[in-house]
Amino acid sequence: MEKKPHFVRREFPPREVSSVSLALLLAAVLLLNALLYLYLNKFYISSGRAETDPGLCSFGYFKLGAVKNCSPWLSCEAINREVRKLKCVGEGAVKKVFLSEWKENKVVLSQLTNSELKEDFLHGLKMLKALQSKHVVRLVGYCEQQFTILTEYHPLGSLRGLNETLHMPKYKGMNTWHRRLMLAIDYVSIIRYLHSSPLGTLVMCDSNDLDKVLSQYLLTSDFHVLVNDLDALPLVNRSAGRLVKCGHRELRGNFVAPEQRWPYGEAVPFEDDLMPPYDEKTDIWKIPDVSNFFLGHVEGSDIVRLHLFDIHAACKKEDPAERPSAQEVLDTYRKVLTLLIREAAMPGTREML
């Protein structure tokens, strides 16, 4: 009887292969987490999130561009002698703004145009000097006698033009949910800085509508946000019972906080003396609307909005005392950024594990 050939099937131990695969997967996850940590650490420090900025000069000094050494703020004499006006680039209720040149550097020269508002102009200068930091446009010089302020020039201009800038071919790669959320984080960081500034708790009063808010901030060439206009920054001193009012006229619309609106109805004519004062929580109320502008309508922005829904709902509480602090909003924004970057870097990892 003919014997049938006997084939022996070799079986590889599945458990060993599975263990090796799992070990490799875990190693990859740990590596990605380490890289993510290093990236975010670099993001918070080198992109302007650290509390100290080694690029800043000491009080009374400045430096522009790639220059390493700090120079004293320019005096009246130096401004008159060394600064050359090029063209007018803007005019508001308080001042006229000129693109100018100083030693081959583009700078911005602001001059008072309405003598009745000189106190506002000088207040803005005082704030600009006292608040020099990574959050504030760089002061180059000033002349109080001539009501002149000289600051660093940022060619991308105010945040009013953000969407137009992001649609330019040169910057289309920046038009992502990630970059837009980083800009929103910059904005909230500035609000946090003003609320805990060296001078105390300051309220951003030039913010009665979205367009006005955007005009107060600059977009830098490396896509960060700086506050530029500090003419209306009243001080809240809660321990001394000192609250603020943003101007002497009636404020209307849903953009301003409920406590900024006339509380006595249409039947009672507005009187500034009867208008109750308020605190810095008016700035918190406006954060969701400003952030909504930052996020735009790019792929992924709705996912970001979903993650920010709860903190934005808290910002819109009718009672100012129930709204979060700027620090709490900032912490939430950073956590959302970290979470979304991790999910983008490791899609499906949770399911694989």
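Parameters and conventions
Sequence order as written defines the numbering, with residues in each chain counted from 1. Selection of residues for local features in this predicted model requires a pLDDT of at least 70, selection of side-chain atom pairs for listing and counting requires 80 or more, and totals for whole chains, interfaces and linings are taken over all residues. Note that the side-chain values use all heavy atoms of the structure and ignore hydrogens as well as water. Between the rings of Phe, Tyr and Trp (Trp by its six-membered ring), a pair exists once the centres lie within 6.5 Å; its type follows the angle of the planes, with under 30 degrees stacked, over 60 edge-to-face, and the other angles tilted. Each residue is placed in one exposure class: buried if its accessible area under a 1.4 Å probe, protein chains only, is under 20% of its type's maximum, exposed if it is over 50%, and partly exposed if it falls in between. Ring-over charges, as used throughout, are those where CZ of Arg or NZ of Lys falls within 6 Å of the ring centre and within 35 degrees of the ring normal. Axis angles are defined between N-to-C directions and span 0 to 180 degrees, where every axis is a line fitted to C-alpha atoms and, for a helix, only to the segment in contact. A run of H or I in DSSP counts as a helix once it spans at least four residues, and a run of E counts as a strand once it spans at least two, with each numbered from the N terminus. Oblique is the label for every angle not falling under 35 degrees (roughly parallel), over 145 degrees (roughly antiparallel), or within 65 to 115 degrees (roughly perpendicular). Whether a crossing is left-handed or right-handed is set by the direction in which the near helix is turned from the far one by less than a right angle, anticlockwise for left-handed and clockwise for right-handed. By definition, residues are in contact when any of their heavy atoms lie within 4.5 Å. Two strands are said to pair when DSSP picks up at least two bridges between them. Here, nonpolar core refers to any group of buried Ala, Val, Leu, Ile, Met, Phe, Trp, Tyr and Cys residues whose side-chain atoms link them within 4.5 Å. All the domain ranges listed were derived from an automatic or database domain assignment.

Colleague: Describe the packing of aromatic side chains, with residues and values.
Modeller: Pairs of aromatic rings are described using the distance from one ring centre to the other and the angle between the two planes. Scanning the entire structure with this criterion turns up 10 aromatic pairs. Ring centres of W262 and F270 lie 5.1 Å apart, and the angle between their planes is 65°; on these two criteria the pair is classed as edge-to-face. In this structure W262 comes out as buried when scored by relative accessible area, which is 11%. Put simply, the rings of Y187, Y217, F293 and F294 pair up and form one aromatic cluster. The positively charged end of K85 is found above the aromatic ring belonging to F98, 4.2 Å away from the centroid.

Colleague: Which residues make up the packing of helix 5 (residues 177–195) against helix 7 (residues 281–295), and what values do they have?
Modeller: The contact between helix 5 and helix 7 brings their axes to 9 Å, and the two run at 160°. Of the possible angle classes, the one that applies to helix 5 and helix 7 is roughly antiparallel. In this structure, helix 5 meets helix 7 at a crossing whose hand is right-handed. In contact with R180, L181, L183, A184, Y187, V188, I191 and H195 of helix 5, helix 7 contributes D283, I284, I287, V290, S291, F293, F294 and L295.

Colleague: Can you break down the pairing of strand 7 (residues 148–152) residue by residue, with the values?
Modeller: Of all 5 residues that make up strand 7, 5 are buried, and the element is covered over most of its length. As defined by bridge partners, strand 5 (residues 105–112) adjoins strand 7 across 5 bridges and the pair is classed as antiparallel. Residue pairing in the sheet places L109 in a bridge with L150 of strand 7. Where strand 6 (residues 139–143) folds back onto strand 7 in an antiparallel hairpin, the turn is made up of 4 residues, including F147, whose phi is positive at roughly 50°.

Colleague: Which residues make up the environment of R323, and what values go with them?
Modeller: Here R323 lies in the loop between helix 9 (309–315) and helix 10 (326–345). Classification of R323 by relative accessible area gives buried; the value is 2%. Here the alpha-carbon distance between R323 and I284, two residues 39 residues apart in the chain, equals 7.1 Å. Leave out the neighbours within four places in its chain, and R323 touches A257, P258, E259, K281, T282, I284, W285, A314, C315, K317 and E318.

Colleague: With reference to specific residues and values, describe the packing of helix 5 against helix 10.
Modeller: Remark: helix 5 packs on helix 10, axes separated minimally by 9 Å, with the N-to-C direction vectors making an angle of 160°. Taken as axis vectors, helix 5 and helix 10 run roughly antiparallel relative to one another. With respect to the hand of their crossing, helix 5 and helix 10 are arranged in left-handed fashion. Residues W177, H178, L181, M182, A184, I185, V188, S189, I191, R192 and H195 of helix 5 form the contact with helix 10, whose participating residues are A326, Q327, V329, L330, Y333, R334, V336, L337, L340 and I341.

Colleague: Quick one: what's the story with the nonpolar core, residue by residue and with numbers?
Modeller: Ranked by size, the top nonpolar core spans 73 residues in total, and within it L74, L131, L181, Y187, Y217, F294 and Y333 carry the most contacts. Considering each element in turn, this core owes the most residues, 12 residues, to helix 5. Residue assignment places this core across two domains, with domain 1 (71–152) and domain 2 (157–344) each supplying three or more. Discounting residues that sit within four places of it in the chain, Y187 has contacts with V213, Y217, I287, V290 and F294. With 10 residues, the next largest nonpolar core counts V203, V244, V256 and Y278 among its residues.

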